[in-house]
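Descriptive structure summary
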Amino acid sequence: MVRKLVQVAQKVGVSEATVSRVLNGKPGVSDSTRQAVLTALDVLGYERPTHLRGVRARLVGLVLPELQNPIFPALAEVAGGALVQLGFTPVLCTRSAGGLTEAEYVTMLLDQQVSGVIFCGGLSADESASLKERGMPVVLLNAAVDHSDFPQVSTDDVAAVHQAYAHLTSLGHSRIGLMVGPADHTPSRRKAAAFTALVQRTTRTGARAGKDTHPIGHALFSFEGGQAVATELLATGITALICGSDILALGAIRAARRQGLTVPHDFSVVGYDDSAFMNYTDPPLTTLRQPIEAMSRAAVTLLANQINGTNPTPKELLHEPELVVRQSTAPAPTSSRGGE
C-alpha cells in the first residue's frame with residue numbers, strides 16, 4: 001500500500017496524503033486532482049478501490065506513425081505524462097506495417113468516446129474532415145499540415161535551416177546540400193523553401209549558382225533512404241549536408257564513408273531532432289534539437305483547452321530549435337571536391 005501511494009503521488013505530482021484522501025473518498029481534494037489520481041492508478045496497473053470502480057477515466061488518443069524513430073516515443077512519453085496529470089488516460093496508437101491504419105485507429109477512438117486526440121507525425125485530409133465533422137478536439141504535434149483546421153505545435157523549420165546554414169557557412173562551407181523527407185511532407189517542404197530562399201539571398205551569382213551548388217534531395221525517413229539520396233547529393237560535390245532528421249543524417253554518414261570520405265574532415269553533416277543517443281554515434285552528431293518537453297506540454301494544454309472550452313486556441317505554435325554542435329561538422333576541406 002505504501003509503495004502504491006508513493007508511485008501514484010510521484011506520477012501525479014501531489015503528496016501521498018492527497019492520494020490517500022482520494023482512495024478513501026475523503027473531501028478536500030479538487031475534482032481535477034481526484035481524476036488525475038484515478039487515472040494514475042489505471043496507468044500504473046493498480047486496481048481501483050471498490051467504491052471508485054464506477055468512475056470512468058477520460059481517454060485521449062496518442063497516434064504515432066512509428067516507434068523506430070526515437071523522436072516519437074519521446075514526444076509520447078512527455079505528452080502521456082502531462083495528460084495523466086490532468087486526469088486523462090492516454091491511449092497509445094502506433095501505425096505499423098500490417099497493423100491498423102490511421103482510419104481504423106480514428107474509428108476505434110471514436111467508438112471509445114475519447115475526449116480528444118493528439119496526432120504525432122501527420123493526419124490525412126480524409127480523417128481530418130471526419131474528426132472535424134464530429135467536433136472532436138484534436139491537436140497536431142510535430143505534424144504540421146497545410147490548410148489544417150486543427151491547432152498545431154511545431155518546430156520552426158525556417159529557424160532550423162537558418163541555424164544549420166549559418167553554422168556551416170561559418171566553418172567555410174560554400175557547397176551545402178539539403179536532404180529532407182518526401183515532397184508532400186509539410187515540414188520538409190517548409191525546410192526546402194527556407195533553404196532555397198536563404199541560398200538565393202546569400203549566393204553571389206543568384207538562383208542558378210544556388211541550384212548548382214546547393215542541391216536538395218527528398219528521401220524516405222529511414223537510414224537506407226538517407227544513404228541512397230546522400231550518395232546522389234555527394235556526386236554534386238557538396239562538402240556539407242543539412243538533414244531533415246537524425247536518421248537521415250546517419251544514413252548520410254554511411255554514404256560518405258562508402259565513398260572513402262571521413263566525417264567531418266571531408267564532409268560535414270547536420271541532423272535534426274537530437275533524438276536519443278546522438279551524443280554517442282560515431283562521430284557524435286551535430287543536430288538541431290527539438291524542444292520535446294515544451295512542445296508536448298503545449299500540445300496537451302491546447303487539447304485540454306479545447307475539451308474544456310476555456311481559452312481560444314491558436315492556429316500554430318512554433319517552437320525555436322537549438323543547434324547542438326558536436327563532432328560531425330568541421331571546417332570545409334581546403335580543396336573542395338568538384339571545384340567551386
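Preceding block: the structure.
About the thresholds
Residues numbered from 1 in each chain as written. Predicted model: local features only at pLDDT ≥ 70, side-chain atom pairs only at ≥ 80, totals over all residues. Heavy atoms only, no water. Helix = DSSP H or I, 4+ residues; strand = E, 2+ residues; numbered from the N terminus. Polar contact = N/O pair within 3.5 Å; in protein donor to acceptor, adjacent residues only side chain to side chain. Contact = heavy atoms within 4.5 Å. Buried < 20%, exposed > 50% of the residue type's maximum accessible area, 1.4 Å probe, protein only. Pairing = 2+ DSSP bridges. Salt bridge = Lys/Arg side-chain N within 4 Å of Asp/Glu carboxyl O. Core = buried A, V, L, I, M, F, W, Y, C linked by side-chain atoms within 4.5 Å.

1. A short note on the side chain of Ser 296
With respect to the secondary-structure elements, Ser 296 resides in helix 12 (residues 292-308). A polar side-chain atom of Ser 296 sits 3.3 Å from the main-chain carbonyl oxygen of Leu 75. Once residues lying within four places of it in the same chain are set aside, the contact partners of Ser 296 are Leu 75, Val 78, Ala 79 and Leu 141.

2. Re the pairing of strand 6 (residues 176-180)
Burial analysis of strand 6 places five of its five residues in the buried class, the great majority of the element. Of the two faces of strand 6, the one carrying Ile 176, Leu 178 and Val 180 and the one carrying Gly 177 and Met 179 are both buried. Both strand 6 and strand 8 (residues 240-243) contribute to a ladder of four bridges, which runs parallel. By the bridge assignment for strand 8, Ile 176 is matched with Ala 240.

3. Describing the pattern of salt bridges
Side chains that differ in sign of charge can pair as their charged atoms come close. Throughout the structure, instances matching the rule amount to seven salt bridges. For Asp 157, the salt bridge identified is with Lys 191, shortest N-O distance 2.6 Å. Taken as a pair, Asp 157 in helix 7 (residues 157-170) and Lys 191 in helix 8 (residues 186-202) lie far apart in primary sequence, 34 residues in all. Lys 191 shares its class with Asp 157; the two are buried. Its salt-bridge partner being Glu 316, residue Arg 190 comes within 3.0 Å of it at the nearest N-O pair. Taken together, the residues Arg 190 in helix 8 and Glu 316 in strand 11 (residues 316-319) connect sequence positions 126 residues apart.

4. Looking at the nonpolar core
Counting residues in hydrophobic clusters, the biggest one holds 24 residues, and the most contacted among them are Leu 62, Leu 75, Leu 141 and Val 153. Breaking this core down by element, the ones donating at least two residues are strand 1 (58-64), helix 4 (71-85), strand 3 (116-120), strand 4 (138-141) and helix 12. Examining the composition of this core, we find that eight residues originate from one element, helix 4, more than from any other. Leave out the neighbours within four places in its chain, and Val 153 touches Val 139, Leu 140, Leu 141, Asn 142, Ala 143, Met 295, Ala 298, Ala 299, Leu 302, Leu 317 and His 319. Counting 21 residues, the second largest nonpolar core, distinct from the first, contains Leu 233, Ala 252, Ile 253 and Met 278.

As far as function goes, none of this settles anything; it's purely spatial.
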